[in-house]
Structures are given as C-alpha cells and as structure tokens.
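Single-letter residue listing:
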Amino acid sequence: MLRQQDVGHRIVVRRIVGIREGRTLFSDALGELVELSETHITLSTDAGPLRVPVAEVHRAKRVPPARRPTAAAVVALELAADEAWPAPVRGRLGDWRLRWADGWTGRANSALPVGDPDRPLPAALDAVQRWYAERGGPALVNTPLPLAAPVGAELDARGWTSRPPVLVQTVPLRTLTVPPPAVPLPADAAAGMPVTLADAPADDWLAIAAGRKGGLPDAARQVLTGTPRARFADLREDGRLLAVGRGTVTGGGRWLGVSLLETVPQARRRGLAAAVVRALAAWGAAEGATHAFLQVEQSNTGAVALYRRLGFTTHHTYLTRVAPAA
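Residues numbered from 1 in each chain as written. Predicted model: local features only at pLDDT ≥ 70, side-chain atom pairs only at ≥ 80, totals over all residues. Heavy atoms only, no water.

On inspection of all chains with the given rule, the structure shows six aromatic pairs. Judged by centre distance (6.1 Å) and plane angle (80°), the ring pair of W255 and F293 falls under edge-to-face. Of the two residues, W255 is situated in strand 14 (residues 255-263) and F293 in strand 15 (residues 291-297); the sequence distance between them amounts to 38 residues. The residues W255 and F293 share a single accessibility class, namely buried. Centre to centre, the rings of Y307 and F312 are 5.9 Å apart; their planes meet at 65°, and the pair counts as edge-to-face. A residue is classified by how much of its surface remains accessible, and Y307, at 8% relative accessible area, is buried. (Phe/Tyr/Trp six-rings, centres within 6.5 Å; stacked < 30°, edge-to-face > 60°. Helix = DSSP H or I, 4+ residues; strand = E, 2+ residues; numbered from the N terminus. Buried < 20%, exposed > 50% of the residue type's maximum accessible area, 1.4 Å probe, protein only.)

What follows is the structure in structure tokens.
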C-alpha cells in the first residue's frame, strides 16, 4: 500500500466499484498522489481530481513517471536553484559546487555533485569532507536523482545517512498567470487583498522567515538577498502581515524560483499562499521567465497538495546526504 513518502509521485490505484453476479468489479486510475489520509487518497488525473475512500482501494502502488527529464534538464534546473539560493562561501571541485552559509539550511551548506569533479569519485568525496571540516561543519551532499545515483551508491557504502526526500517541482508560468476558476471561497478569503512585492524584505517578513528556519544569521541574509533579480512578497490585512513569499529569476532568465512561502497559522485556508504565488508569477513573467520551480519536502503533504492544485508537478527529487559522525 501507499505511504506518505509517495505523495507527489505517480501512482496506480485499483478500486472496488461494485459487485455483479457475485463478482467484485474493479476500476483502475492513474495519476499523481496529492493527499493520503487515514480515510481517503486523492489523485490528480487527466480527467481531474479523484478522491477514493481507502475502504474501496484493492491495490495501490507507485509507478515510474510518464517521462523522466533528461540529465541536462536536471543539471540546468539544479544550477538555476543554486543561483536562487546563493551561499556566501563557495568552492569548486571540478564542476561540483561546494557551498557554506554558517549552517543555515541544507541547500546553502551542501555540495552539489553535478558534472565532473575532475578526479575519481572516492577522492572527490574525500575532498568534500575535508572542505566542510575546515569550516567546522558537517559534510552534506545534495544528490539529485536519478542523476547522482552513482554518488549516492558511494555514500551508501560509506555509511552516510539521508534526510527526508525533497521534490523539485515545476510548472509553466502561463498556468499560474491564468486567472483561477471561480470557486466558492470562505468569507475571510484573500479576495481583493493586494500582494506587495518589494526589492528587500521588511523586518516582519524576516521575522516570519526566522521563525520558519530557526533564526537568521548574517549568512542567511546574504542567501536571501544575494540573487540580483529577487522580490519579497507580502500580503497584509489592516497592516498585519499574514503571508509572505520570495521569488527569484535565474537560469538565464528562464526560471522563477518560489521559496519561503508561509502563511501565519491564524490566517491559513484563506487562499493567501496561492495569491502570493500568483503575484510572484506575474512578476516573473514580466521579467521574461517562462517556468516556475520550487523545492518541498515530500513529507509536507499540505504544501504538496497546495502546489499540485496550482499545477506544479515533480520534475525530479533529491536527497541531502549526511556524513557519519567522526
């Protein structure tokens, strides 16, 4: 059966739809798993959303994606994401990127093994560990899959552990900039509440980011503001900040990166996060970007469901690998 780790992936479900002449009747459905609860599973299919009671599920499993991106496409997107989250201290190991931001976030404190490290793989990983040891931090390696599967196999042999899988999701910007269909909204929804885009984050914007990421050292501020084409979105009601998000344009101008999307707890389920994403998408499109991407932990089922409703699909995944303690 399915697990929470399958959310965001393509699955096939065989469901029980009835009984005829003493025989059980089945129907198969193929789509992306949007939500998995104790009572229902929700798929996004070509025919639209499908919600299936768990009691009706005869069999369900993950299946390969319809079409895997090329290695070149994965590399290009990973490099665009690296531009969008720039670590203040950087090194190179052949084509590999080494990144350090005083330990603030895994993305800014990990090696990115894309391309040729200009030496045998074991020697490259030895060099990675030395580079991070010199900075007093644990060695981390982000392994985009399946591109970096050989790196992952070597790390397995060395006893490295893995953090939760991360989905790298994308959507054409035209999908986000088309007005959403009319649907019933709660009385306190975001209708008519403007989203403001600023060149720099306000203090209360930074406070929300700090709460989510466990503080904001100086290196974190460099990560947030180090991309030349960036906007910091906020949505306020009566002067009170309710939702934030960050947008960047990188990858030669093709990619809008969406990050740090957050709604304060008391204002959730009002469509505020979607409004922030659409405002950033409009800005990205005006800047010439054609696609958006974001990175979300596979276990964050609420966020995965939101992004799926906005049209995002999984491009590839990555694992952050952690060196064993010395």
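Moving on, we come to the packing of helix 2 (residues 121-134) against helix 3 (residues 149-157). Two numbers describe a pair of packed helices, the interaxial angle and the distance between the axes. Two numbers describe how helix 2 lies on helix 3: the axes approach to 11 Å, and their chain directions differ by 70°. In terms of axis orientation, helix 2 runs roughly perpendicular to helix 3. Seen from helix 2, the contacting residues are L121, P122 and L125; seen from helix 3, they are P150, V151, E154 and L155. For the contact of helix 2 with helix 3, the per-class residue count stands at six nonpolar, no polar and one charged. (Axes fitted to C-alpha atoms, helices over the stretch in contact; angles between N-to-C directions. Parallel < 35°, antiparallel > 145°, perpendicular 65-115°, else oblique. Contact = heavy atoms within 4.5 Å. Nonpolar A, V, L, I, M, F, W, Y, C, P; charged D, E, K, R; others polar.)

Time to look at the environment of A127. Within the secondary structure layout, A127 lies in helix 2. Distance from A127 to L2, taken between C-alpha atoms, is 39 Å for residues 125 residues apart in sequence. Residues in contact with A127, not counting those within four places in the same chain, are L93 and R119.

The subject of this paragraph is the pattern of salt bridges. Inspection of the entire model under this criterion finds 15 salt bridges. Here R90 ties to D82 by a salt bridge, and the two come within 2.4 Å at their closest N and O atoms. Accessibility expressed as a relative area gives 39% for R90, which makes it partly exposed. (Salt bridge = Lys/Arg side-chain N within 4 Å of Asp/Glu carboxyl O.)

Now for helix 5 (residues 203-213). The complete set of buried residues in helix 5 reads W205, L206, I208 and A209. Down the axis of helix 5, the sector holding all buried residues measures 155°, keeping them to one side. Within helix 5, the exposed residues directed more than 90 degrees away from the buried face are D203 and G211. The secondary structure elements touched by the buried residues of helix 5 are helix 6 (218-225), strand 12 (230-237), strand 13 (240-250) and strand 14. The positive-phi residue at the C-terminal boundary of helix 5 is G214, with phi of around 75°. (Arc of directions from axis to C-beta.)

Here we come to the nonpolar core. One broad rule of soluble globular proteins: the nonpolar side chains tend to lie buried together. Residues I41, L176, W205, L224, L256, Y307 and F312 are the most contacted members of the largest nonpolar core, which totals 64 residues. Of all the elements, helix 7 (residues 272-286) adds the most residues to this core, at eight residues. The contact partners of L176, leaving out residues within four places of it in the chain, are V171, V277, R278, A281, A292, L310 and F312. Residues A111, V128, A139 and W160 belong to the second largest nonpolar core, which totals 18 residues. (Core = buried A, V, L, I, M, F, W, Y, C linked by side-chain atoms within 4.5 Å.)

Turning our attention to the pairing of strand 10 (residues 166-172). With six of seven residues buried, strand 10 lies mostly within the body of the structure. Strand direction decides the pairing type here: strand 10 and strand 15, joined by seven bridges, are antiparallel. Considered in strand 15, the bridge of V166 is made with E297. Judged from the five bridges that link them, strand 10 and strand 16 (residues 313-322) form a sheet pairing that is antiparallel. Within the sheet, the bridge partner assigned to V168 lies in strand 16 and is H316. (Pairing = 2+ DSSP bridges.)

With ten of its eleven residues buried, strand 13 lies for the most part within the structure. In this sheet, strand 13 lies alongside strand 12 in antiparallel orientation, the contact comprising eight bridges. Across the sheet, the residue bridging to A233 is G245, located in strand 13. Between strand 12 and the antiparallel strand that follows it, strand 13, lie two residues; D238 among them carries a positive phi value of about 55°.

Time to look at unusual backbone geometry. Here the amide bond leading from L145 into P146 is cis, since omega sits at 5°, within 30 degrees of zero. At E21, a position not held by glycine, the phi torsion is positive, near 50°. With respect to the helices and strands, the residue E21 is situated in the loop between strand 1 (10-20) and strand 2 (23-36). The class of E21 is exposed, set by a relative accessible area of 80%. The phi angle at R269 is positive, at roughly 65°, despite the residue not being glycine.

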